[in-house]
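Residues per chain, in single letters:
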Amino acid sequence: MVSRVRTVAFQGIEAVPVDVQVMVAPGKVGMQIVGLPDKAVAESRERVQAALHASGLSMPAKKVTVNLAPADLPKEGSHYDLPIALGLMAALGAIPGDQLADYVVLGELSLDGTIAPVAGALPAAIGANADGKGLICPHGCGSEAAWAGAGIDILAPRSLIAVANHFRGTQVLSRPEPAVRQAGAALPDLAEIKGQESARRALEVAAAGGHNLLMVGPPGSGKSMLAQRLPSILPPLGPRELLEVSMVASIAGELADGRLSDRRPFRAPHHSASMAAMVGGGLRVKPGEVSLAHCGVLFLDELPEFQPSVLDSLRQPMEGGEAVLARANHRVVYPARFQLVAAMNPCRCGMAGEPGHRCLRGPRCVVDYQARISGPLLDRIDLRVDVPAVSAGDLIRPGRAEASAAVAARVARARDAQRERHAALGLPAEATNAHLSNTAVERVAAPDAAGAALLADASEKLGFSARAYHRVLKVARTLADLDGAGTVGRIHLAEAISYRMVGERLAAQAA
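This report concerns the structure included in the present document. Values in this document were obtained by computation on a predicted structure and should not be read as measured data.

### Describing the pattern of salt bridges
A side chain of one charge can pair with a side chain of the opposite charge when the charged atoms of the two come close. The full count for this structure, using the stated rule, is 26 salt bridges. Across the pair Asp 379 and Arg 467 runs a salt bridge, and its minimum N-O distance is 3.2 Å. On the criterion of sequence distance, the pair formed by Asp 379 in helix α16 (residues 375-379) and Arg 467 in helix α21 (residues 466-483) is long-range, its members being 88 residues apart. In this structure Arg 467 comes out as partly exposed when scored by relative accessible area, which is 26%. Note that Asp 481 is salt-bridged to Arg 477, the shortest N-O span being 3.1 Å. Of this pair, Asp 481 and Arg 477 both sit in helix α21, separated by four residues, roughly a single helical turn. Among the residues examined, Asp 481 registers a relative accessible area of 6% and is labelled buried.

### What about the packing of helix α8 (residues 197-209) against helix α18 (residues 404-424)?
At a minimum axis separation of 8 Å, α8 and α18 run at an interaxial angle of 35°. Judged by the sense of rotation from one axis to the other, the crossing of α8 with α18 is right-handed. Each of Glu 204, Ala 207, Ala 208 and Gly 209 in α8 lies in contact with α18, whose residues at this interface are Val 407, Arg 410, Val 411, Ala 414, Arg 415 and Gln 418. Grouping the constituent residues of the contact of α8 with α18 by class yields five nonpolar, two polar and three charged.

### Section: the side chain of Gln 418
In this fold, Gln 418 is placed in helix α18. Beyond its immediate sequence surroundings of up to four residues, Gln 418 is in contact with Ala 208, Gly 209, Thr 432, Asn 433 and Asp 481.

### Notes on helix α15 (residues 363-370)
Listed in full, the buried residues belonging to α15 are Cys 365, Val 366, Tyr 369 and Gln 370. Taken around the axis of α15, the buried residues stretch over an arc of 105°, which confines them to a single face.

### Observations regarding the packing of α18 against α21
It is at 8 Å that the axes of α18 and α21 come closest, and there the two elements cross at 115°. Taken together, the axes of α18 and α21 lie roughly perpendicular to each other. As for how α18 packs across α21, the hand of that crossing is right-handed. Counted together, Arg 410, Ala 414, Ala 417, Gln 418 and Arg 421 of α18 and Arg 477, Asp 481 and Leu 482 of α21 form the full contact between these two elements. Grouping the amino acids of the contact of α18 with α21 by side-chain chemistry returns three nonpolar, one polar and four charged.

### Brief notes about α8
Residue pairs three or four apart in sequence face the same way in an α-helix, which turns once every 3.6 residues. Compared with the 18 Å implied by 1.5 Å per residue over 13 residues, the 19 Å span of α8 between its first and last C-alpha is a close match. Of all 13 residues that make up α8, 10 are buried, and the element is covered over most of its length. Among all positions of α8, only Ala 199, Arg 200, Ala 202, Leu 203, Glu 204, Val 205, Ala 206, Ala 207, Ala 208 and Gly 209 are buried. Its buried side turned inward, α8 meets β10 (213-216), α9 (223-228), β17 (339-344), β18 (383-386), α18 and α21. Just past α8, the residue Gly 210 takes up positive phi, approximately 70°.

### Some details on the environment of Gly 77
Following the sequence through the fold, Gly 77 ends up in the loop between β4 (63-69) and α3 (81-91). Among the residues examined, Gly 77 registers a relative accessible area of 2% and is labelled buried. Linking Gly 77 and Leu 473, residues 396 residues apart in sequence, is a C-alpha distance of 46 Å. Ignoring sequence-local partners within four residues, the contact set of Gly 77 consists of Asp 38, Ala 40, Val 41 and Arg 284.

### Topic: the packing of aromatic side chains
In total, this model carries two aromatic pairs according to the counting rule given. Taking the centre distance of 6.1 Å and the plane angle of 75° together, the rings of Tyr 103 and Phe 167 count as edge-to-face. Taken together, the residues span a long stretch of sequence, with Tyr 103 in strand β5 (residues 103-105) and Phe 167 in helix α7 (residues 160-168) at a distance of 64 residues. Judged by its relative accessible area of 9%, Tyr 103 falls in the buried class.

### Things to note about the state of the cysteines
This structure, assessed with the given rule, holds zero disulfides. In this model Cys 141 remains outside any disulfide bridge; the closest cysteine sulfur is found in Cys 137, 5.7 Å from its own. Assessed through its relative accessible area of 2%, Cys 141 is described here as buried. Of the cysteine sulfurs around Cys 365, a residue in no disulfide, the closest is that of Cys 347, at 3.7 Å.

Conventions we followed
- Residues numbered from 1 in each chain as written.
- Predicted model: local features only at pLDDT ≥ 70, side-chain atom pairs only at ≥ 80, totals over all residues.
- Heavy atoms only, no water.
- Salt bridge = Lys/Arg side-chain N within 4 Å of Asp/Glu carboxyl O.
- Helix = DSSP H or I, 4+ residues; strand = E, 2+ residues; numbered from the N terminus.
- Buried < 20%, exposed > 50% of the residue type's maximum accessible area, 1.4 Å probe, protein only.
- Axes fitted to C-alpha atoms, helices over the stretch in contact; angles between N-to-C directions.
- Left-handed = near helix turned anticlockwise from the far one by under 90°.
- Contact = heavy atoms within 4.5 Å.
- Nonpolar A, V, L, I, M, F, W, Y, C, P; charged D, E, K, R; others polar.
- Arc of directions from axis to C-beta.
- Parallel < 35°, antiparallel > 145°, perpendicular 65-115°, else oblique.
- Expected span 1.5 Å × (residues − 1).
- Phe/Tyr/Trp six-rings, centres within 6.5 Å; stacked < 30°, edge-to-face > 60°.
- Disulfide = S-S within 2.5 Å.

Rendered as structure tokens:
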């Protein structure tokens, strides 16, 4: 007799159906798992046997064969424990196998028969719902899986005994409810920033249009403080964005207690991060920082200290909005539409260009330090702003600066204007100005006559690439949205062009 249980394998955030086939037949006593299992799946044999014994069910004195089909698809992870155990119980008649056909099953077994949480419950629930099936998952993943939809039947047992009792009708399991993560501590507020008006303005523009931002300044000028306050002025995640962000976090195992939050991600990896940690990879091809920052902020402090190869690996995700990880036997795609915010010193000693300071190594200090950042990467950064040292007058000035709430209100109005304009043009409503295609930005950001003349003159004198030309238009469109203007004017283009001048000024200092 062969019993079948449906489970899934994960390729990126996609849940691929896997058929667990269990056959109990005469032969040499033991259990064999086939179908390209990795080490964690092969060890399911021991966990399943111990969990069944703890639940009062002995293994049969026969040969047990478990096939994970399709057999040419690699199977990774511990979430195959529960479907294998339920398939074996169905083959032994402990639970009705026909009822299992209506569910997708995943979960890791402990030796005492309890079911431990696993990563990927939300993508599995979404895939099961699309196939018209229910989901059986660990109790700790139930609130996460419940976000897949109100119509999906979800069982979240704590143990194998609870599953058996549910199907026998002696202890019916109730459907878990979606859970929301309670707001933690208040986000850092912009009111705490002293001075730095130009940097605050650039931060507001970056938030309004989703633009990449580079801050250059000496140590202690407040670059990190500014970046950490960007989430306080960003709008909350929309429904579709929330689902995408939560699916990536679920695959990475970073959903605390299965609770979702509408706060945008803020990731700040250390400069020692490897390429696999940044864009994803590893043995099981886990999502990297660029995907964990999807629909949020990726903050890279001390930008030149990152390995050049790691920085250049960001170029494709910044342009395409996804991280494509190709391996010999499969290809995995994770979403990675993030907003890059970077901070750096002007040189290795940190004080180039500051009054009263001089680099000990001379102009080479600036040149060598900035050469660690490639030109193509800088070309993808829309806003580049100087963050000079804060003066004593700024520090002792009474009163507080404008709070994040006021800035967030202006950012929200600008985003609403973008959303309405994009909907009227048939563009994705979630897209910000920074993520528009070149064709779309030429339609929505066509400048007036004076602005067009200024942009043409600046492009010729500064040698803008085609990418830089369109990115200036995108920033100008965002500035017009903040002003509530329907047309991009000369003043908007002038400010947008000024945000690309920091690199040129620093190069001139080194000359």
